[in-house]
Amino acid sequence: MASAPYATAQDISSAVRVFQGECWYNTALGLPYLNKILGRNQSVSVFRSNVEQVAATVPEVASVKCVLSRMNASRQLSGVILFTTDSGSTSSVSF
């Protein structure tokens, strides 16, 4: 069983990978990948904001910052989600 901050990082990673509507017990969870992200022209700042909002809903997360590093030729976006827990520890999740 994982402990903080690794467990929190894992929860954030899972939260931002969920497609909105995918969780049958709460269809409001996740990012609107199908409706607003994939195959759409979207502002990078809007995507960053969406990721930060979803990551901030994870229990024990005090603050979140999404830093997008690059988009390669095949349109794969990469970056890191920096977070601070309620206890004050900091860590990150790469994507």
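Look above for the structure.
Sequence order as written defines the numbering, with residues in each chain counted from 1. Only residues with pLDDT of at least 70 are given local features in this predicted model, and only at 80 or more are side-chain atom pairs given and counted; all residues enter the totals for whole chains, interfaces and linings. Where side-chain values are given, they derive from all heavy atoms of the structure, hydrogens and water being excluded.

(A) Spotlight on the environment of C66. Relative to the helices and strands, C66 is located in strand 1 (residues 61–71). Through-space distance from the C-alpha of C66 to that of V80 is 6.0 Å; in sequence the pair is 14 residues apart. The contact criterion used throughout is that any non-hydrogen atoms of two residues lie within 4.5 Å. Here C66 is in contact with R48, V51, E52, V80, I81 and F95, once residues within four sequence places are set aside. Elements are defined by DSSP. Helices are runs of H or I of four residues or more, strands are runs of E of two residues or more, and each kind is numbered from the N terminus.

(B) Local environment of the packing of aromatic side chains. Classification of ring pairs rests on two measures: the distance between centres of Phe, Tyr or Trp rings, Trp counted by its six-membered ring, which must be within 6.5 Å, and the angle between planes, read as stacked under 30 degrees, edge-to-face over 60 and tilted in between. Per the stated rule, a full pass over the model turns up two aromatic pairs. Seen in terms of ring centroids, F19 and Y33 are 4.8 Å apart; in terms of plane orientation they differ by 40°. Their pairing is tilted. Of the two residues, F19 is situated in the loop between helix 1 (6–17) and helix 2 (33–37) and Y33 in helix 2; the sequence distance between them amounts to 14 residues.

(C) Inspection of the layout of surface pockets at higher detail. Approximately 550 Å³ is the volume attributed to the largest pocket. Cavity and pocket criteria rest on a 1 Å grid covering protein atoms alone: a 1.4 Å probe that fits but cannot get out defines a cavity, protein on both sides within 12 Å along at least 5 of 7 lines defines an open pocket, and an atom within 4 Å of a point defines a lining residue. What lines the largest pocket is a set of 20 residues, and nearest its centre among them are I37, L38, F47, M71 and L77. Elements supplying a minimum of two residues to the lining of the largest pocket: helix 1, helix 2, helix 3 (44–56) and strand 2 (77–85). A per-element tally of the lining of the largest pocket places helix 3 first, with three residues. Its residues assigned to classes, the lining of the largest pocket shows 13 nonpolar, four polar and three charged. Grid points are joined across faces, edges and corners, and a volume is the space filled by probe spheres set on the points. Its boundaries defined by the atoms lining it, the second largest pocket holds a volume of some 240 Å³. Around the second largest pocket, the lining is made up of 13 residues, and of these A15, L29, G30, V54 and T57 lie nearest the centre. For the lining of the second largest pocket, the element with the most residues is helix 1, which contributes three residues. We call Asp, Glu, Lys and Arg charged. Ala, Val, Leu, Ile, Met, Phe, Trp, Tyr, Cys and Pro are nonpolar, and the rest, Gly among them, are polar.

(D) Local environment of the side chain of T85. Secondary-structure assignment places T85 in strand 2. Here T85 falls in the buried class, since its relative accessible area comes to 5%. Side chain to side chain, T85 and S87 meet in a polar contact 3.0 Å long. Those residues in contact with T85 that sit more than four places away from it in its chain are T8, E60, V61 and A62. Remark: exposure states derive from per-residue accessible area (1.4 Å probe, protein chains only) relative to the maximum for the residue type, with buried under 20%, exposed over 50%, and partly exposed in between. Whenever a nitrogen or oxygen atom comes within 3.5 Å of another N or O atom, the pair is scored as a polar contact, on the condition that within protein one atom can donate a hydrogen and the other can accept it, and that pairs from neighbouring residues in sequence are kept only if both atoms are in side chains.

These values are about where atoms sit, not about what they do.
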